[in-house]
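Structural description and commentary
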Amino acid sequence: MTTSPLPERFRRQAVSPEEALGRVLARVRPLETETVPLFEAWRRRLAEPVAAPHPFPPFRRSAMDGYAVRAADLPAEGSSGEALLQVLESLPAGAVPRFVVGPGQASRIMTGAMLPEGADTVVMLEMTETVVRAGADCVRIRKHVPKGRNVADVGSEVAAGVRLFGESRLIGAGETALLASLGMAGVPVVRRPRVGVLATGSELLEAAEPLAPGRIRNSNAPMLAALLREAGAEPVLYGRAADRPEEAEAMIRRGLAECDLLLTTGGVSVGDRDILVDILAGWEGETLFNKVTMRPGSPTTAAVLDGKLLLALSGNPGACFVGFQLFAVPALRTMLRHPMPERAAIQARLAEAFPKVNAYSRYVRSRLEVREGTVWVRPAGDDFSSLMTTIAEADSLVVLPPLKEGLEQGALVTVIPLAEGMFGS
Ligand code: AMP
Ligand code: MG
């Protein structure tokens, strides 16, 4: 009796998710720096540390509407005396004082205005009374106010030269405000990775097309474009390729040439029309892996052509999503000089039993909840790789090692939070 050898496509060498990630990360490099206008720096990452070029505030200014005075002129603490001071001028924000405040004198001052020389304290308006004495404007103050009150000294918030942000800091609203205050109209940021997205499958229609028998709409490409934006990359859309290897290969070569990274979806399983398998078998590129011991997404494949990485994700939406999270996100973080390429994990308790057993690691789309100080995690519906609805519910992935038995409710499991900033991810 003879047995025919298994076709090449079925004989795949499976690698662990960790090994696969290591192979991916070895093939990506941090991207270069570019300078963008401050208004476009939101959600970008700083390419260099930022030090304050000047102190802030840059001059001694008032924190209140009131009177700039010399504290020595005011009633002493606990005394019932009063000060009657001659008012020299009125200082709105932006004005430069003309007079030095001498003994027995004060200047009216508004919030944000420069303090006149001689003055060391601002008395808030509500504690003062204006009076006219011998035709001159005066102010009466009946309370003690400690020296320095309501005065923001030069550099009291940011001293000159102080390091404000380290490299790779994500620029949000607060960072933007500080950069603007310090005159950084152009911000050095890490260039966004340009990432091509190509969906393969003759069954695919675009969202705008009417349904037709046997066809489904391409949801992976728009999903990946959204995930790429969330990860700080710039998606480049190549549409869809029918299951014809020559046509798809030409599009893949173009995408790799034009982008920093190319994502494809579909065509990596072992079906008759799984064209990525044929393309990778026939071209000069190097396959990094074509099978990973994980569910969903075991046929996830990675290859390199002319130094550019191709991540060929599974066509099943759930598997495509998980493959993106596990491999594309760390690759993008490396490109973006993110301090943590690999995703941080936390421990949480299973909110419901998980009955499935598996020879492979499993990444279950799930949702985190905090109850009575404990973090719980709930699998988001059925965990089939084809399901899309669970992606919309998921804010995390439960990481389950290969299991011989199911897990009980309350079991402690490892979870990867997916939202940026969530639990320090
Ligand atoms: P494949 O990996 O090409 O065998 O596809 C696996 C399953 O995912 C099939 O049911 C496909 O119809 C489906 N699929 C493939 N590509 C997409 C896509 N871009 N959007 C939604 N579903 C897809
Ligand atoms: Mg297909």
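Everything below is about the structure shown above.
Attention in this report is confined to the structure presented alongside it. Not measured: the values here are computed from a predicted model.

Some details on the state of the cysteines
Counting across every chain of the model gives zero disulfides. The structure places no disulfide on Cys320, whose sulfur is separated from the nearest cysteine sulfur, that of Cys259, by 16 Å. Residue classification places Cys320 among the buried positions, given a relative accessible area of 0%.

Comments concerning the site of ligand 1
The environment of ligand 1 is made up of 16 residues, and the closest members are Glu203, Asn218, Ser219, Gly267 and Gly315. Contact between ligand 1 and Ser219: a nitrogen atom at 3.0 Å from a main-chain N or O atom of the residue. At a separation of 3.1 Å, an oxygen atom of ligand 1 approaches a polar backbone atom of Gly315. Class assignment of the residues belonging to the shell around ligand 1 gives a composition of three nonpolar, ten polar and three charged.

Observations regarding the pairing of strand β8 (residues 128–133)
Bridging between β8 and strand β9 (residues 136–141) involves six bridges; their strand directions are antiparallel. What sits directly across from Glu129, in β9, is Arg140. Hairpin remark: β8 followed by β9, antiparallel, with two residues in the connecting loop; positive phi at Ala134, about 55°.

Thoughts on the nonpolar core
By size, the foremost hydrophobic cluster in this structure holds 47 residues, and its most contacted members are Leu263, Leu309, Leu311 and Phe324. For this core, the secondary structure elements donating two or more residues are α1 (17–25), β13 (194–200), α3 (220–230), β17 (261–265), β18 (286–289), β20 (301–305), β21 (308–313) and α6 (317–335). Of the residues forming this core, the biggest block, eleven residues, is contributed by α6. Split by domain, the residues of this core number at least three in each of domain 1 (8–31 + 192–335) and domain 4 (346–424). Ignoring anything within four residues of it in the chain, the contact list for Phe324 reads Leu224, Leu227, Leu228, Leu263, Leu313, Val329 and Leu332. The next biggest cluster of nonpolar side chains, apart from the first, holds 19 residues, and it includes Tyr238, Leu276, Ala303 and Ala312.

Observations concerning the pattern of salt bridges
Counting across every chain of the model gives 22 salt bridges. Note that Glu82 is salt-bridged to Arg140, the shortest N-O span being 3.2 Å. Pair noted here: Glu82 is in the loop between β4 (66–69) and β5 (83–91) and Arg140 is in strand β9, with a separation of 58 residues, a long-range link. Because the salt bridges share partners, they merge into one network encompassing Glu82, Glu129, Arg140 and Arg142.

Cut-offs used in this document
- Residues numbered from 1 in each chain as written.
- Chains lettered and ligands numbered in written order.
- Predicted model: local features only at pLDDT ≥ 70, side-chain atom pairs only at ≥ 80, totals over all residues.
- Heavy atoms only, no water.
- Disulfide = S-S within 2.5 Å.
- Buried < 20%, exposed > 50% of the residue type's maximum accessible area, 1.4 Å probe, protein only.
- Near = heavy atom within 4 Å.
- Polar contact = N/O pair within 3.5 Å; in protein donor to acceptor, adjacent residues only side chain to side chain.
- Nonpolar A, V, L, I, M, F, W, Y, C, P; charged D, E, K, R; others polar.
- Pairing = 2+ DSSP bridges.
- Helix = DSSP H or I, 4+ residues; strand = E, 2+ residues; numbered from the N terminus.
- Core = buried A, V, L, I, M, F, W, Y, C linked by side-chain atoms within 4.5 Å.
- Domains from an automatic or database assignment.
- Contact = heavy atoms within 4.5 Å.
- Salt bridge = Lys/Arg side-chain N within 4 Å of Asp/Glu carboxyl O.

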